[in-house]
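Architecture and fold: a report
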Amino acid sequence: MNIKWVLPLVLLLCPQAMNASQYGKEEKAMELANVRALIHQNRSVIVENFNRQVAAENLEQEKSDRLPEIRLGGDGYLDNQIPLGSTSAKYRNSFLYHFKLSSEMDLYTGGMHRYVIQRMKKEHQLSEERLHMVEQEVELQVYVLLYDIHRNLKYQDFIRKSIELHEKEYNRIQNW
């Protein structure tokens, strides 16, 4: 998985990364809460969430295919050229209409719909599991990078203290 986006995300989540003295437990807790909220904005998580939604819609479509199809159609028009009686000089207005209702349903498909619905349910379940797995992978990568930043900040603090100690010792030796 490509993690080019993770480092900028981590740097945005912890602006205190440049100053180790301000990096306390409360800031870490807030950053970890932000990580969980921002995971859903990751591109791979969005794609997997879309795939899960497509699988759910396909399942609902397949379930609706088992129901009978009902069609209602009709047309109507106004005919003002209908002659009245035996004289063709008199006409009356008439509204003619036609309606049609039809229904279609497969009576026996050999269990095909049941099999397809079961397969769609499994695909939907797999897509949900994939989404959960991708969310966990992204969260793990972010936590690993946060840990690396924290470790490097501690190392930076250790080096800074070591330099200060060596400078004091150097000054003490120089002044002796």
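Use the structure listed above.
Keep in mind that what you see is a predicted model, and the values were worked out from it rather than measured.

A word on the overall build of the protein
- From N to C terminus, the protein includes four helices and two strands.
- Along the chain direction, N to C, the helices and strands of the protein fall in the order α-α-α-β-β-α.
- Here the protein holds 176 residues, and 20% of them are scored as buried.

Overview of the nonpolar core
- Counting eight residues, the largest nonpolar core consists of Val35, Ile39, Val45, Leu131, Val134, Val138, Val142 and Leu146.
- Setting aside chain neighbours within four positions, we find Val45 in contact with Ile39, His40, Leu131, Val134, Glu135 and Val138.

Here's the deal with the packing of aromatic side chains
- All chains considered together, the criterion is met by one aromatic pair.
- With centroids separated by 6.4 Å and ring planes inclined at 35°, the aromatic side chains of Tyr155 and Phe158 adopt a geometry described as tilted. Of this pair, Tyr155 and Phe158 both sit in helix H4 (residues 112-175), three residues apart, which is roughly one turn of the helix.
- Tyr155 sits in the exposed class, given a relative accessible area of 54%.

Examining the pattern of salt bridges
- In total, this model carries four salt bridges according to the counting rule given.
- Salt-bridge contacts for Glu123 lead to Arg119; the nearest nitrogen and oxygen are separated by 3.1 Å. Highlighted residues: Glu123 and Arg119, both in helix H4, separated by four residues, approximately one helical turn.
- By relative accessible area, which is 34% here, Glu123 ends up partly exposed.
- One salt bridge in this structure joins Arg151 and Asp148, with 3.3 Å as the shortest N-O distance. Highlighted residues: Arg151 and Asp148, both in helix H4, separated by three residues, approximately one helical turn.
- You can call Asp148 partly exposed: its relative accessible area is 23%.
- Connected via shared salt-bridge partners are Asp157, Arg160 and Lys161.

Procedures and definitions
- Residues numbered from 1 in each chain as written.
- Predicted model: local features only at pLDDT ≥ 70, side-chain atom pairs only at ≥ 80, totals over all residues.
- Heavy atoms only, no water.
- Helix = DSSP H or I, 4+ residues; strand = E, 2+ residues; numbered from the N terminus.
- Buried < 20%, exposed > 50% of the residue type's maximum accessible area, 1.4 Å probe, protein only.
- Core = buried A, V, L, I, M, F, W, Y, C linked by side-chain atoms within 4.5 Å.
- Contact = heavy atoms within 4.5 Å.
- Phe/Tyr/Trp six-rings, centres within 6.5 Å; stacked < 30°, edge-to-face > 60°.
- Salt bridge = Lys/Arg side-chain N within 4 Å of Asp/Glu carboxyl O.

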